[in-house]
Amino acid sequence: MKTKTAKHNGTIPGLGKPRTKGSSKGWFRRLFAYLWSRYRARLIVVMICLLISAASSIASAVFLQYIVDSCIMPALTDGLDAVWGNLLRGIITMGSIFLLGVLTTFLFSRMMAVITQSFLNDIRKDLFANMQRLPVRFFDTHTHGDIMSVYTNDVDTLRQLISQSLPQLFSTGLTVTLLLIVMLSYSIWLTLVVFLALGLMILVTKKVGGRSARHFVRQQQALGKAEGFIEEMV
């Protein structure tokens, strides 16, 4: 991969151009493009598994209402023998839904583990290949600890993002979408109340997240300086 920068600015090869002020807005798109170009088939399987898992969790909750209304309530008046057949079919159906959700969750977890480890291997190879093309003055102006911080702290942050944050974000988005459809089918007014509360939560989260993001960047920079100082002293 080609790079035009002679100075390390936190850029990871394959994720775009050197980072400058205001360019951090497209980091998610560049990261997803990097993953999609290498693990397209596996990512498609993961998305399908997440969709089935989210649908099964919603379906089990909705189906529980059917069992209560069609089996439990009539059993209180007509006796258990009158609804035994429907109750048995309902239990088997719910068990099948739960089993499907567990299987898809297991498959998605295994697939994400493979994707994450392959990504770490590829990104470190790209980093090392990019380092071979850097001029000597880059190593004269950067401590060894600062350079190693990219391979350890920064790459580990990407690992946590890919293995935990992105799947959780996608799964939550699917669950919220399916829940919204179910909520609208029950009551539009109660759904609007939930939207008002959700809007308030998003506003608070945006303000808190915007401030914490700046501190996170400073934390990563401080880690690099600390490791560089320790490396030189040792």
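(A) Representation of the nonpolar core. By size, the foremost hydrophobic cluster in this structure holds 29 residues, and its most contacted members are Leu-31, Leu-35, Val-46, Ile-115, Phe-119 and Ile-162. Elements represented by at least two residues in this core include exactly α1 (27-38), α2 (40-78), α3 (80-132) and α5 (144-186). The contacts of Phe-119, once residues within four sequence positions are left out, are Leu-31, Tyr-34, Leu-35, Tyr-39, Leu-158 and Ile-162.

(B) Spatial organisation of the pattern of salt bridges. A full pass over the atoms with the stated rule returns two salt bridges. Arg-38 is the partner of Asp-126 in a salt bridge, and the nearest nitrogen-oxygen pair spans 3.6 Å. Taken together, the residues Asp-126 in helix α3 and Arg-38 in helix α1 connect sequence positions 88 residues apart. Across the pair Arg-159 and Asp-156 runs a salt bridge, and its minimum N-O distance is 2.9 Å. Of this pair, Arg-159 and Asp-156 both sit in helix α5, separated by three residues, roughly a single helical turn. What makes Asp-156 partly exposed here is its relative accessible area of 30%.

(C) Spotlight on the packing of aromatic side chains. Under the defined criterion, the tally for this structure stands at three aromatic pairs. Seen from their ring centres, Tyr-34 and Phe-119 are 5.7 Å apart, and the 90° between their planes marks the pair as edge-to-face. With Tyr-34 in helix α1 and Phe-119 in helix α3, this residue pair connects regions lying 85 residues apart in the sequence. In terms of burial, Tyr-34 and Phe-119 fall into one category: buried. Across the ring face of Tyr-34, the terminal group of Arg-38 is positioned such that the distance to the ring centre comes to 3.8 Å.

(D) Layout of the packing of α1 against α5. Two elements in contact, α1 and α5, have axes whose closest approach is 13 Å; the angle formed by their N-to-C orientations is 85°. One element, α1, and the other, α5, form an angle in the roughly perpendicular class. Mapping the contact onto sequence places Trp-27, Phe-28, Leu-31 and Leu-35 in α1 and Leu-158, Leu-161, Ile-162 and Leu-166 in α5. A per-class count over the contact of α1 with α5 returns eight nonpolar, no polar and no charged.

(E) Spotlight on a positive patch on the surface. A grouping of Lys-206, Lys-207, Arg-211, Arg-214 and Arg-218 is seen on the molecular surface, where their side chains present a positively charged patch. Here Lys-206 is to be found in helix α6 (residues 188-233).

(F) Structural view of α6. Spanning 46 residues, α6 covers 65 Å between terminal C-alpha atoms, matching the ideal 68 Å at 1.5 Å per step. Along α6, the residues classified as buried are Thr-191, Gln-220, Gly-224 and Gly-228. Those residues of α6 that are buried are in contact with α5.

(G) Broad picture of α5. For α5, spanning 43 residues, the distance from its first C-alpha to its last is 61 Å, which sits close to the expected 63 Å at 1.5 Å a residue. In the structure, α5 departs most strongly from a straight axis at Leu-161, where the bend amounts to approximately 40°. Within α5, the full set of buried residues consists of Gly-145, Ile-147, Ser-149, Val-150, Tyr-151, Val-155, Leu-158, Leu-161, Ile-162, Leu-166, Pro-167 and Leu-174.

(H) Broad picture of the packing of α5 against α6. Contact pair α5 / α6: the axes reach a minimum separation of 10 Å and the direction vectors enclose 175°. What the angle tells us is that α5 and α6 run roughly antiparallel. Contacts between α5 and α6 involve His-144, Gly-145, Asp-146, Met-148, Ser-149, Thr-152, Asn-153, Asp-154, Thr-157, Leu-180, Met-183 and Leu-184 from the former and Ile-188, Thr-191, Val-194, Phe-195, Phe-216, Gln-220, Leu-223, Gly-224, Glu-227, Gly-228, Glu-231 and Glu-232 from the latter. For the contact of α5 with α6, the residue count by class is nine nonpolar, ten polar and five charged.

(I) Summary view of the confidence of the model for the protein. Across the protein, the average pLDDT comes to 79, with 88% of residues at or above 70. Across the protein, the element-wise mean pLDDT spans from 81 in α2 up to 85 in α3. Across residues 1-23 the pLDDT falls below 50, and counting only partners more than four positions away or on other chains, this stretch makes 42 contacts in the model.

Cut-offs and rules
- Residues numbered from 1 in each chain as written.
- Predicted model: local features only at pLDDT ≥ 70, side-chain atom pairs only at ≥ 80, totals over all residues.
- Heavy atoms only, no water.
- Core = buried A, V, L, I, M, F, W, Y, C linked by side-chain atoms within 4.5 Å.
- Buried < 20%, exposed > 50% of the residue type's maximum accessible area, 1.4 Å probe, protein only.
- Helix = DSSP H or I, 4+ residues; strand = E, 2+ residues; numbered from the N terminus.
- Contact = heavy atoms within 4.5 Å.
- Salt bridge = Lys/Arg side-chain N within 4 Å of Asp/Glu carboxyl O.
- Phe/Tyr/Trp six-rings, centres within 6.5 Å; stacked < 30°, edge-to-face > 60°.
- Lys NZ or Arg CZ within 6 Å of the ring centre and 35° of its normal.
- Axes fitted to C-alpha atoms, helices over the stretch in contact; angles between N-to-C directions.
- Parallel < 35°, antiparallel > 145°, perpendicular 65-115°, else oblique.
- Nonpolar A, V, L, I, M, F, W, Y, C, P; charged D, E, K, R; others polar.
- Patch = residues over 30% accessible without salt bridge, like charges linked within 9 Å, V, L, I, M, F, W, Y side chains within 5 Å.
- Areas by Shrake-Rupley, 256 points an atom, 1.4 Å probe, with all protein chains shown as cover.
- Lys, Arg positive; Asp, Glu negative; His and termini not counted.
- Charge placed at Lys NZ, Arg CZ, Asp CG, Glu CD.
- Expected span 1.5 Å × (residues − 1).
- Bend = angle between axes of the 7 residues up to and from the residue.
- pLDDT = per-residue confidence, 0-100.

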